[in-house]
Amino acid sequence: MRRGRGQKTRRGSRHRNYDPHDANTVKHTRLGVWDLYEQVDPDIIRLPGVSEAARRLEVLNDLPYVWRMLKDVASIKSCWLHFLIYYVVELLSSLLPAATLWFSGHYLSIIQTAMERRTVDRELLLYASVGRLSCAFAGHALRYFKSSVEFPLNLEIKKHYSIHIFESMARLDVPTFDDPLVQTRLDTATTSSRNSHSLAWDTITVIIAISTSIVRLASQLSVLMKVIGGQRDGIVFVVMHFGQELFWNNFRTGFDLFYAKAWAATTKDRQYVKLQGLKRAVNDPSHRKEIVAGNLEKFLSHEFRYAYDNTSGLVADFYELLRYKSSQAAPSLSSLLSVSLRELPEALYLLRAAEHPASIPVAIASMRLVQETTSSFTNAFMGFLNESGSIAERFHKVRQLYEIENIPNNVVDGNISFPEGRQTLKSGMSVEFRNVSFKYPGSGNLALRDVSFKINKGQLCVIVGSNGSGKSTVLKLILRLYDPTEGTILINDQDIKTLKLADLRECVSVLFQDYTHFPLSIGDNIALGSPQCVYDSDKIREAARLGGAESFVDGLPEGFGTYLDRPVRDYYSGIPDGTKSLFGRPVNFGAVGRAMGGVRSSDGVHLSGGQMQRLAVSRSFMRSLLSEGQNIGLLLFDEPSAALDPTAEHGMDDRCLLSCSFEFTGFVLDLFVRLRNLRGRKTMIFSSHRFGQLTRPADLILYMSDSEIVEAGTHTELMRRGGEYAGLWNLQAQAFL
Ligand SMILES: Nc1ncnc2c1ncn2[C@@H]1O[C@H](COP(=O)(O)OP(=O)(O)OP(=O)(O)O)[C@@H](O)[C@H]1O
């Protein structure tokens, strides 16, 4: 619902600006608690038919994409047979109404003969009856064949386009993906008009429907003329019925208020907004604890009632109110005409019956036949008009679907391979910032202001500073998740923008502060550190051991195969009370939600923040210590100790290589020493709030404040300087020593 109407509007308005507050181009209507703003077409397009014609002509621009889609679908060999069956079935189905009509025409002539000669042609009656019955059976059989091939055909096409969409989306970089306009384009292009059908399948069915509509029309028309042409008033009946159907259909489509217009609806009613918020709060299990603990039940109920009583208009969902408004619309001229035309054939029949009483039986039969055939004819005709109207929309969606693969990434790829020799990575990578300033897209503030520093190969650099000072941003720019607004970044003395992005990212291992756990199994999450080892369970286990996660993962119901946030839910209903588990998973009737400091899933697996962090560290170890080619030259750790509390650290696996330290900073420091010994001199950069064991041995400390580097040097140098670093170290570091 949310989308169905919106799609139409987007198309009609995509060449014009839409400003809801511009009274010249936008009409404002109050709908209960809602305000509706409809775009009014410019005068030139308000002429009847002009807007519709312009809209249909736009289809021409979309045709190359439709052609490509047809070629793509034709290249899916597995659907050829199904497709052929589908097309033949559709073609035969389109001939059925004409065949039925043909046999019905025989009834008419049987009645006529019976009236004139007082005999019934039994052979003809049998022929017509068998014919009609066969048509009915054939219709049934064709519908069965159609539904049998439609589903597998749709699935095959869906698979092809799911891969296309997945690849088009997977290749987008951070700023591009975050761009709301890109999100809208992806949304529009990837949402099918009918949830279970792919857009391609929808489009193909429309194309087929149009071609078979023509066949249906032509065949029905020729039979209709043959059957009714000779009847008294036959043609008059046809015209009246046809006119009535036409007006009736027009009258109905007139309800689509938003066709080809931009529109937006909002509510400014604060009580209504509050009402919805309260409803959500009570429905969402994640708030239940606080509602109960805070004894909020009475307060919330009172607020809910008060909000309901004090809204400014009818309280209902927007579309509900819209439907109500449509049903209240004054009868249009076409609806009145339609109603009158409905009554006319009966009046005409009665008139004729009074004039020629002997012809009543024939008239009854012929009127029934005329009614039947004209409605079938007009249905086919209106169906054809509707299909050709919606095809413009579908064709445009096909174009949008293909265009998402061309959305340009904001971060432009370089063309120089990096590094020249893999061996050089053993001694690390150098990183240099020259007068780098940076603003996040859409933000007015500088996240980095004129930052310059150089970290030599194999050095340990620690970036310290308060929250929001810009530490993480430095790391993100090194990975080229974003490009600097000003200044240059050099890696091994080469401008980072000239290096191939995939090469650069392959050489860097990063542990983000806001580690995200993918909706995959725990094993897969760890393996993501080194995707080529995704099926190497020994390496995954080793990484978990090093990261201190092995023992608690083994304790989970499905071990490394456990999903914290299972992306597919189990469905159940009516199971006996007291059922604790199904399919090896606990029964959970609550919604899936994220609890503070961990993840609560439909499987009931809950991990603490510290355990989540260990999974993150395990993924990082998978990349830095265990990846196949050992191609890492630079390790980035963004506040690695953030979510670890000292007790959790104590619990680390005794066999862990790096467990000699009880403190995470020491733990990471130890890692650094180990890496140096085991893998050569990797360059390492840590961003941290903490001072102490990590900053002391660092080759370079960057002290950041308010987006700038205010002090840089070794611990001894900075202490000797007696500046801000020294002041904070004296305050903070004692606790870690
Ligand atoms: N995606 C983003 N969009 C807009 N602004 C952002 C974004 N990420 C960070 N910022 C802003 O950029 C500034 C620097 O943030 P950054 O995350 O680099 O700080 P930090 O020193 O790492 O902080 P913390 O210690 O809390 O992690 C902050 O003002 C922050 O609000």
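Residues numbered from 1 in each chain as written. Predicted model: local features only at pLDDT ≥ 70, side-chain atom pairs only at ≥ 80, totals over all residues. Heavy atoms only, no water.

In the annotation of an unreviewed UniProt entry, the entry for the protein reads P-loop containing nucleoside triphosphate hydrolase protein, and the organism field reads Thelephora ganbajun.

Taking strand neighbours across the sheet as the criterion, the 4 strands line up as β5-β4-β7-β8 in an open arrangement whose pairing is antiparallel. Every interior strand has two partners, whereas the edge strands, β5 (448–455) and β8 (494–495), have only one. Along the sheet face, helix α16 (residues 471–478) touches β4 (431–438), β5 and β7 (486–491) and points at about 115 degrees away from the line of β4. (Pairing = 2+ DSSP bridges. Helix = DSSP H or I, 4+ residues; strand = E, 2+ residues; numbered from the N terminus. Contact = heavy atoms within 4.5 Å. Axes fitted to C-alpha atoms, helices over the stretch in contact; angles between N-to-C directions.)

Among all residues save glycine, negative phi is the norm, and among peptide bonds the norm is trans. Cis geometry marks the peptide bond from F418 to P419, where omega comes out at -15 degrees. Here P419 is to be found in the loop between α15 (360–403) and β4. Notably, S707 is not glycine yet its phi reads approximately 75 degrees, a positive angle. Checked against the element boundaries, S707 lands in the loop between β16 (700–705) and β17 (708–713).

This paragraph deals with the site of the ligand. The full set of residues close to the ligand is Y440, A447, S466, N467, G468, S469, G470, K471, S472, T473, Q513 and H689. K471 is positioned such that a nitrogen or oxygen atom in its side chain is 2.8 Å from an oxygen atom of the ligand. Here an oxygen atom of the ligand sits 2.6 Å away from a polar atom, N or O, in the side chain of S472. Within the complex, the protein chains bury 64% of what would otherwise be the 630 Å² of accessible surface of the ligand. By residue class, the composition of the shell around the ligand is 2 nonpolar, 9 polar and 1 charged. (Near = heavy atom within 4 Å. Polar contact = N/O pair within 3.5 Å; in protein donor to acceptor, adjacent residues only side chain to side chain. Areas by Shrake-Rupley, 256 points an atom, 1.4 Å probe, with all protein chains shown as cover. Nonpolar A, V, L, I, M, F, W, Y, C, P; charged D, E, K, R; others polar.)

Taking strand neighbours across the sheet as the criterion, the 3 strands line up as β1-β2-β3 in an open arrangement whose pairing is antiparallel. Taken across any chain shown, the strands that pair with only one partner, and hence form the sheet edges, are β1 (26–31) and β3 (263–266). Direction aside, the axes of adjacent strands within the sheet are offset by 15 degrees on average. Strand direction decides the pairing type here: strand β2 (residues 34–39) and β3, joined by 4 bridges, are antiparallel. The residue of β3 that forms the bridge with E38 is W263. This element, helix α13 (residues 318–327), spans β1, β2 and β3 of the sheet and lies at about 95 degrees to β1.

For the pair helix α4 (residues 80–117) and helix α5 (residues 122–170), the least separation of the axes is 8 Å and the interaxial angle reads 160 degrees. Relative to α5, α4 is oriented roughly antiparallel. Two packed elements cross with a definite hand, and for α4 against α5 that hand is left-handed. Within the contact of α4 with α5, the residues separate by chemical class into 22 nonpolar, 9 polar and 5 charged. (Parallel < 35°, antiparallel > 145°, perpendicular 65-115°, else oblique. Left-handed = near helix turned anticlockwise from the far one by under 90°.)

A few words on helix α12 (residues 297–309). With 13 residues, α12 should cover 18 Å at 1.5 Å per step; its first-to-last C-alpha distance of 19 Å lies within 8% of that length. Inspection of α12 places L300, E303 and A307 among the buried residues, and these make up the whole buried set. Down the axis of α12, the buried side of the element spans an arc of 65 degrees, and every buried residue falls inside it. The outward face of α12, more than 90 degrees from its buried face, is lined by the exposed residues E297, K298, H302, R305 and D309. (Expected span 1.5 Å × (residues − 1). Buried < 20%, exposed > 50% of the residue type's maximum accessible area, 1.4 Å probe, protein only. Arc of directions from axis to C-beta.)

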